[in-house]
Amino acid sequence: VDSKTGVVNPRQLSLRAVAGLLLFPGPNWRRTDAGFLIENDFGRPNPQLGFQSRSEFEKRLSFGHHGAVTYRLRNDFTWFFPAPKDTKANLSLRYQMVHELLIPLVDELSLSVAADMFFFRGKVKELRDPGLSTLLRVGITYDRLWKPRYQPFF
């Protein structure tokens, strides 16, 4: 509920279908995909057509006997064509880029240092100036596949 107006904000109930090409190009480029999409938010119905492209890159950087630092890059690009019911809530361009360094501490536990950048542009005339949001973060990452029948969790 909007505290100033008392109006109930609609829930986002989005459904997206993508048809395109998915590639696993090599040891460092773990995934690349591109395709055409249709998306509708059933909370604010407005079917939109567009294009989506995503990729994931990972490279282990060795520094002698001190272990390997891992660099990860994730990209997610979405562009929408104009639609009949576009409002200030609709974006024509969304691009998220995440750069992350994983510095090993112990076993599967790593220090994560990342920069998360989000570029966007609105669909309506008043909001067509591009915008940017940046988040810098530091955290702890536990990265292990667990097989219950073959190994204990702790």
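This one's a predicted model, so the numbers in the text were calculated from it and none came from an experiment.

Reading the values: the criteria
- Residues numbered from 1 in each chain as written.
- Predicted model: local features only at pLDDT ≥ 70, side-chain atom pairs only at ≥ 80, totals over all residues.
- Heavy atoms only, no water.
- Salt bridge = Lys/Arg side-chain N within 4 Å of Asp/Glu carboxyl O.
- Buried < 20%, exposed > 50% of the residue type's maximum accessible area, 1.4 Å probe, protein only.
- Helix = DSSP H or I, 4+ residues; strand = E, 2+ residues; numbered from the N terminus.
- Pairing = 2+ DSSP bridges.
- Contact = heavy atoms within 4.5 Å.
- Patch = residues over 30% accessible without salt bridge, like charges linked within 9 Å, V, L, I, M, F, W, Y side chains within 5 Å.
- Areas by Shrake-Rupley, 256 points an atom, 1.4 Å probe, with all protein chains shown as cover.
- Polar contact = N/O pair within 3.5 Å; in protein donor to acceptor, adjacent residues only side chain to side chain.

Student: Please set out the pattern of salt bridges residue by residue, giving values where relevant.
Tutor: Here the structure, examined in full by the defined rule, presents 9 salt bridges. Residues Arg-31 and Asp-33 are paired through a salt bridge, measuring 2.9 Å at the closest nitrogen-oxygen approach. Its relative accessible area of 8% is what places Asp-33 among the buried residues. With a closest N to O distance of 3.5 Å, Arg-74 and Glu-100 form a salt bridge. A residue pair is termed long-range when its members are at least 10 positions apart, and Arg-74 in strand β4 (residues 68-80) and Glu-100 in strand β5 (residues 91-106) qualify at 26 residues. Look at the salt bridges and you will find they share partners, linking Arg-16, Glu-39 and Arg-94 into a network.

Student: Describe the pairing of strand β1 (residues 14-23), naming the residues involved and giving the relevant values.
Tutor: Where β1 meets strand β2 (residues 29-41), 10 bridges bridge the pair, whose relative direction is antiparallel. For Arg-16, the partnering residue across the bridge sits in β2 and is Glu-39. What sits between the antiparallel neighbours β1 and β2 is a turn of 5 residues.

Student: I'd like to hear about the environment of Leu-135, residue by residue, with values.
Tutor: With respect to the secondary-structure elements, Leu-135 resides in strand β7 (residues 131-142). Relative accessible area serves as the criterion here: at 46%, Leu-135 is assigned to the partly exposed category. Distance in space between the C-alpha atoms of Leu-135 and Asp-116 is 5.0 Å, their sequence separation being 19 residues. If near-sequence neighbours (up to four positions away) are discounted, Leu-135 is found in contact with Ala-114, Ala-115 and Asp-116.

Student: Can you lay out a nonpolar patch on the surface for me, pointing to particular residues and giving the numbers?
Tutor: Nonpolar side chains collect at one region of the surface, where Leu-61, Phe-63, Leu-101, Ile-103, Val-113 and Val-138 lie side by side and expose about 480 Å² of accessible area between them. Here Leu-61 lies in strand β3 (residues 48-62).

Student: Can you break down the side chain of Lys-123 residue by residue, with the values?
Tutor: Topologically, Lys-123 is positioned in the loop between β6 (109-122) and β7. When its relative accessible area of 7% is taken as the criterion, Lys-123 is described as buried. Reaching out from Lys-123, the side chain makes a polar contact with the side chain of Gln-48 at a distance of 2.7 Å. Once you skip the residues sitting within four places of it in the chain, Lys-123 turns out to touch Gln-48, Phe-80, Phe-81, Pro-82, Ala-83, Asp-86, Asn-90, Leu-91, Ser-92 and Arg-128.

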